[in-house]
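The lines below spell out each chain.
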Amino acid sequence: MSVAVRPGWGGFQLKFNRRFATAALALALVLPVWATSAALAQDEAQQAEGEAEEEKGPGFWGNKFALYVEVLAGESASEDIEPDIVVSETLVTRNTYSIDTADHGRVVFGWKLPEEKGGFRVSFTGHKETDFIFDSRGTRFDVANPLGGVTQGNERVEWWNVHIQNGQLVSTATVPTWNPLTDDADGGGDADIEEITFAPSTLGVSRSAATSLQNQVQTLDLVYHRNWGGRLVDAQWEGGLRYFAYEGNLPIGSWLRTGFNTSPSEGFTDGVGLNLINFNQEATGIGPTGSAEIRVNLLRGKLVLYGKGRFAFIIQDMETDSGDFFTLVRDQANNSVFPVATRLRRELSKDVWHSGAEFGARGKLSNGLTIHAGYFVHVYHDAILLPTELAIPTTLNEAGQPAEALYKTRDWRMDGWRAGVSYQF
C-alpha cells in the first residue's frame, strides 16, 4: 500500500488508525476464545456442583412427599373377667363379665425416610364396647330347713342368678331346701348336694337394662420403624412410646346382708330390690413400646403374609369407685332391717405390661395402595381394679362404719379381626 503522508495532523491520524485497526483485530480474535473458555469454566463449575449435590443425597426427611396413611376397622370381644366377691366363708358371689362385641379401629399416620432409612409412625388403636354379658350367682353354705331356720350344707349352693344380655336383666331366685327327716338319704346328718332340692322363688324378676357400660380401651403409639432382610422373607422392627387410657364401668353382685330373719335369699343384689354395685373404672399410663414383624413376600411382593408381636411397659395410675350403694343391717332389738349408705373407692399406681400378636395378609393393588386383613390379640395386663373381699356392717351399732374391701387387678384380653387400606404417597 502506497500512501503519501504529510507531516502534521494528517500523518498522525493515519498512524493512529492503523494501531486501532490492529488492536480491534486482536480483540476480535481473543474475545471468542475468552468467552468460550469462560463458558466452559462455568459449565464445569455447575457440573461439579451438581455432582457434589448428588453425592450429598436428599435431606433427612427426603426431597419428596412421603406421607403414609392407614385406616383399619373391625370388631373385637373380651375374655371373661371373674371378680368373685367374698363377704364371709358362708357368703360368696361368683361374677362373670365379658364384652360380647366392641367396635375396633386403628388409624396410622407416618412418614417414610429416603434411602431405606425406615420411618416414623403415629398410630391410634381403640376398642369401644357395644354389648356385654354379665352373670352373678349368689351362693351360700346354708340351705333352708322346712322344720325351721337354715341348715349348713357341706358345699356352697346357688340361691340367686342374675343374667344381663342384649339390654335385658333376668334375676332368678331359688330356695335350696333339705329336710333332715326325709332328705337324708345316706343317714349322715349332712345336707349333701345330691339330697338338696331347689324350689323356685317368687323373688325373680325381668326388666330392661343397659346394652353397654361404655368400656373403652385406647392406645396412642409414636414409633420409629425400619426393615431388614431379603426379598422373599424380610422383617420390620419398631420402637417408641405408648400412651394408654381405659375408662368404663363394671358391675358386681354381692351379698349385702349377713343376718336373716325370714328368707335367706334376701339381701342379695338382684338388680331390683338391691342394685348391682357399679364400679367406675379409670386407668392411664405411659411407657416404652416395641414390636417385631416377620413377612413372607409372595407373587413378587404383591401378596404378603405376616406375623407380628408387640409389647409395652406402662407406668400406670388407676382408680375404681363404686359410688353410693346400700347395705342392710339388722336392729337386734326388734329384728328390723335398715339400709345403710356406704361407698368403696381405691386408687393405685402400678407398673404393668401390654402384650399382643397379629396374623394376617396384605395385598398390593397398585403403587402405594395396599389392602389389609388380619386377626389380633391384645392383652392389657392389670388394667382393671375390683374388690375380692367385702367387709360390711351387719348390725345397727356398726352402721356408722364404712364398708371396706380388699382389691385385685385384672386384665383386659381382647381379640378380634380388622381390615382396611393403606397408602404410601
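Refer to the preceding data block for the structure.
Residues numbered from 1 in each chain as written. Predicted model: local features only at pLDDT ≥ 70, side-chain atom pairs only at ≥ 80, totals over all residues. Heavy atoms only, no water.

**A look at the overall build of the protein**
Here is step 1: When its secondary structure is counted, the protein shows one helix and 15 strands.
Here is step 2: Long-range contacts, defined here as pairs at least 24 residues apart, represent 71% of the contacts in the protein between residues at least 6 apart.
Here is step 3: Of the roughly 23000 Å² of accessible surface on the protein, 57% is carried by carbon and sulfur atoms. (Helix = DSSP H or I, 4+ residues; strand = E, 2+ residues; numbered from the N terminus. Contact = heavy atoms within 4.5 Å. Areas by Shrake-Rupley, 256 points an atom, 1.4 Å probe, with all protein chains shown as cover.)

**Side note on unusual backbone geometry**
Here is step 1: In this model, glutamate 115 sits at a positive phi of 55°, which is unusual for a non-glycine residue.
Here is step 2: Relative to the elements of secondary structure, glutamate 115 occurs in the loop between strand E3 (91-112) and strand E4 (119-144).
Here is step 3: Overall, glutamate 115 belongs to the exposed group, its relative accessible area being 54%. (Buried < 20%, exposed > 50% of the residue type's maximum accessible area, 1.4 Å probe, protein only.)

**A look at the pairing of strand E11 (residues 277-298)**
Both faces of the sheet carry side chains from a regular strand, because those side chains alternate between them.
Here is step 1: Bridge analysis of strand E10 (residues 233-252) against E11 gives 20 bridges, and the strand direction is antiparallel. What sits directly across from glutamate 247, in E11, is glutamate 282.
Here is step 2: As paired strands, E11 and strand E12 (residues 303-331) are joined by 17 bridges and run antiparallel to one another. Residue pairing across strands places alanine 283 opposite methionine 318, the latter belonging to E12. (Pairing = 2+ DSSP bridges.)

**A few points about the nonpolar core**
Grouped burial of nonpolar side chains is what soluble globular proteins tend to show.
Here is step 1: Judged by nonpolar contacts, the single largest core of 50 residues is most densely connected at Tyr97, Tyr246, Leu390 and Trp412.
Here is step 2: Counting residues per element, this core draws most heavily on strand E14 (residues 369-391), which supplies six residues. (Core = buried A, V, L, I, M, F, W, Y, C linked by side-chain atoms within 4.5 Å.)

**Some remarks on the pairing of E12**
Here is step 1: Joining the antiparallel neighbours E11 and E12 is a turn of four residues, in which leucine 299 adopts a positive phi near 55°.
Here is step 2: Inspection of the sheet shows E12 paired to strand E13 (residues 336-366) by 27 bridges, in the antiparallel sense. Each bridged residue has a counterpart across the sheet, and for phenylalanine 311 the counterpart in E13 is serine 355.
Here is step 3: With antiparallel pairing between neighbouring strands as the criterion, E12 and E13 make up a hairpin whose turn holds four residues, including asparagine 335 at a positive phi of roughly 60°.

**Comments concerning the packing of aromatic side chains**
Here is step 1: Applying the stated criterion across every chain, the model contains 12 aromatic pairs.
Here is step 2: A centroid spacing of 5.2 Å and a plane angle of 55° characterise the contact between phenylalanine 120 and tyrosine 224, whose relative ring orientation is tilted. Remark: tyrosine 224 occurs in strand E9 (residues 216-229) and phenylalanine 120 occurs in strand E4; sequence separation between them is 104 residues.
Here is step 3: For the pair phenylalanine 244 and tyrosine 380, a centre-to-centre distance of 5.7 Å together with 20° between the ring planes defines the contact as stacked. Pair noted here: phenylalanine 244 is in strand E10 and tyrosine 380 is in strand E14, with a separation of 136 residues, a long-range link.
Here is step 4: On the basis of relative accessible area, phenylalanine 244 is assigned to the buried category, the value being 0%. (Phe/Tyr/Trp six-rings, centres within 6.5 Å; stacked < 30°, edge-to-face > 60°.)

**Remarks on the side chain of arginine 418**
Here is step 1: With respect to the helices and strands, the residue arginine 418 is situated in strand E15 (residues 404-424).
Here is step 2: We classify arginine 418 as buried; its relative accessible area is 5%.
Here is step 3: A polar atom in the side chain of arginine 418 sits 2.6 Å from the side chain of glutamate 358.
Here is step 4: With residues near it in sequence (within four places) discarded, arginine 418 still touches Leu72, Ala73, Gly74, His104, Arg106, Thr125, Glu358, His372, Ala373, Gly374, Phe376 and His378. (Polar contact = N/O pair within 3.5 Å; in protein donor to acceptor, adjacent residues only side chain to side chain.)

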